[in-house]
Amino acid sequence: MALRSLLAKDWVVEVNSSPGAAPTWTKIRGLTSFELEIKTKTEDDSDFDGDGWSSDAVTQRTWTLKAKGNRKRDTSSSTFVADPGQDFVRQAGLIVGVEANVEVRWYRRDGSPDAYQGWAAVDYKGGGGKTTDLEPFELELIGQGAPVSIANPVA
């Protein structure tokens, strides 16, 4: 069997832009990088029976989706219309408290079964640059509880 590397560009990140009975999954477009970071906390679980070898037990995990991209707008409109997914997380990044949380799902669009969903607080950074730069944004979706494996929407 020949093996091929997976392409990072095949990740999709979507937010539920109308929380309620029927979710509306809106793609965050313009992404140029994506990373799922899982941090693990452990406690020493060693005892005399380990013959001098230590043992650690996982006591907690946290997840964060980190993404970067370029701000986008609808070019078919004469007035400024932001990309709906980008604008949804940008607006959530201005709120404090529980309303700063969004429902998010991320999955691969290449046939892989990798697909997850969860709730996250939004940390949004954007704007600025040099005269020749595209306007960037950075996004951290900070997990609120465990992510759930879901059926891949495009598999």
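See the structure printed just above.
Conventions we followed
- Residues numbered from 1 in each chain as written.
- Predicted model: local features only at pLDDT ≥ 70, side-chain atom pairs only at ≥ 80, totals over all residues.
- Heavy atoms only, no water.
- Helix = DSSP H or I, 4+ residues; strand = E, 2+ residues; numbered from the N terminus.
- Rg over C-alpha atoms; globule rule 2.2 N^0.38 Å.
- Buried < 20%, exposed > 50% of the residue type's maximum accessible area, 1.4 Å probe, protein only.
- Contact = heavy atoms within 4.5 Å.
- Areas by Shrake-Rupley, 256 points an atom, 1.4 Å probe, with all protein chains shown as cover.
- Lys, Arg positive; Asp, Glu negative; His and termini not counted.
- Charge placed at Lys NZ, Arg CZ, Asp CG, Glu CD.
- Salt bridge = Lys/Arg side-chain N within 4 Å of Asp/Glu carboxyl O.
- Pairing = 2+ DSSP bridges.
- Phe/Tyr/Trp six-rings, centres within 6.5 Å; stacked < 30°, edge-to-face > 60°.
- Polar contact = N/O pair within 3.5 Å; in protein donor to acceptor, adjacent residues only side chain to side chain.

This part is about the overall build of the protein chain. The helix and strand inventory of the protein chain stands at one helix and eight strands. Listing each helix as α and each strand as β along the protein chain from the N terminus yields β-β-β-β-α-β-β-β-β. Relative to the globule expectation of 15 Å for 155 residues, the C-alpha radius of gyration of the protein chain, 19 Å, shows a markedly less compact shape. The principal-axis extent of the C-alpha atoms belonging to the protein chain is close to 75 × 50 × 40 Å. Scored against the burial criterion, the 155 residues of the protein chain give a buried share of 26%. Partitioning the intrachain contacts of the protein chain with sequence separation of at least 6 by distance along the chain shows that 58% fall at a separation of at least 24. As displayed, the protein chain offers around 10,400 Å² of accessible surface, 51% of which is attributable to carbon and sulfur atoms. In the protein chain, 18 side chains carry a positive charge and 23 a negative one; their mean positions are 12 Å apart.

Let us look at the pattern of salt bridges. Summed over the entire model, instances satisfying the criterion amount to ten salt bridges. Note that E135 is salt-bridged to R71, the shortest N-O span being 3.3 Å. Residue E135 is found in the loop between β6 (115–126) and β7 (136–143), and its partner R71 is found in the loop between β4 (56–70) and α1 (84–92); the two are separated by 64 residues along the sequence. Each of the salt bridges in this network shares a partner with another, and the network as a whole consists of K9, D10, R108, R109 and D110.

Where strand β3 (residues 31–44) and β4 come together, 13 bridges link them in antiparallel fashion. Bridge pairing in β4 places T40 opposite R61. Note: β4 against β7, seven bridges, orientation antiparallel. Bridged to G69 within β7 is F137.

What follows deals with the packing of aromatic side chains. On inspection of all chains with the given rule, the structure shows four aromatic pairs. Aromatic side chains W63 and W106 sit 4.9 Å apart centroid to centroid with 35° between the ring planes, which places their arrangement in the tilted category. In this pair, W63 is assigned in strand β4 and W106 in strand β5 (residues 101–108), connecting sequence segments 43 residues apart. W63 gets classed as buried once you look at its relative accessible area, which sits at 4%. Relative to F137, the ring of Y124 has its centre 5.9 Å away and its plane inclined at 5°; by these criteria the two rings are stacked.

Note on placement: N16 falls in strand β1 (residues 11–16). On the basis of relative accessibility, which here comes to 2%, the residue N16 falls in the buried class. Polar contacts involving the side chain of N16 include one to the main-chain amide nitrogen of S18, which spans 3.2 Å. Polar side-chain contacts of N16 include one of 3.0 Å to the backbone nitrogen of T24. When residues no more than four places from it in sequence are discounted, the contact partners of N16 are P23, T24, W25, F88 and E103.

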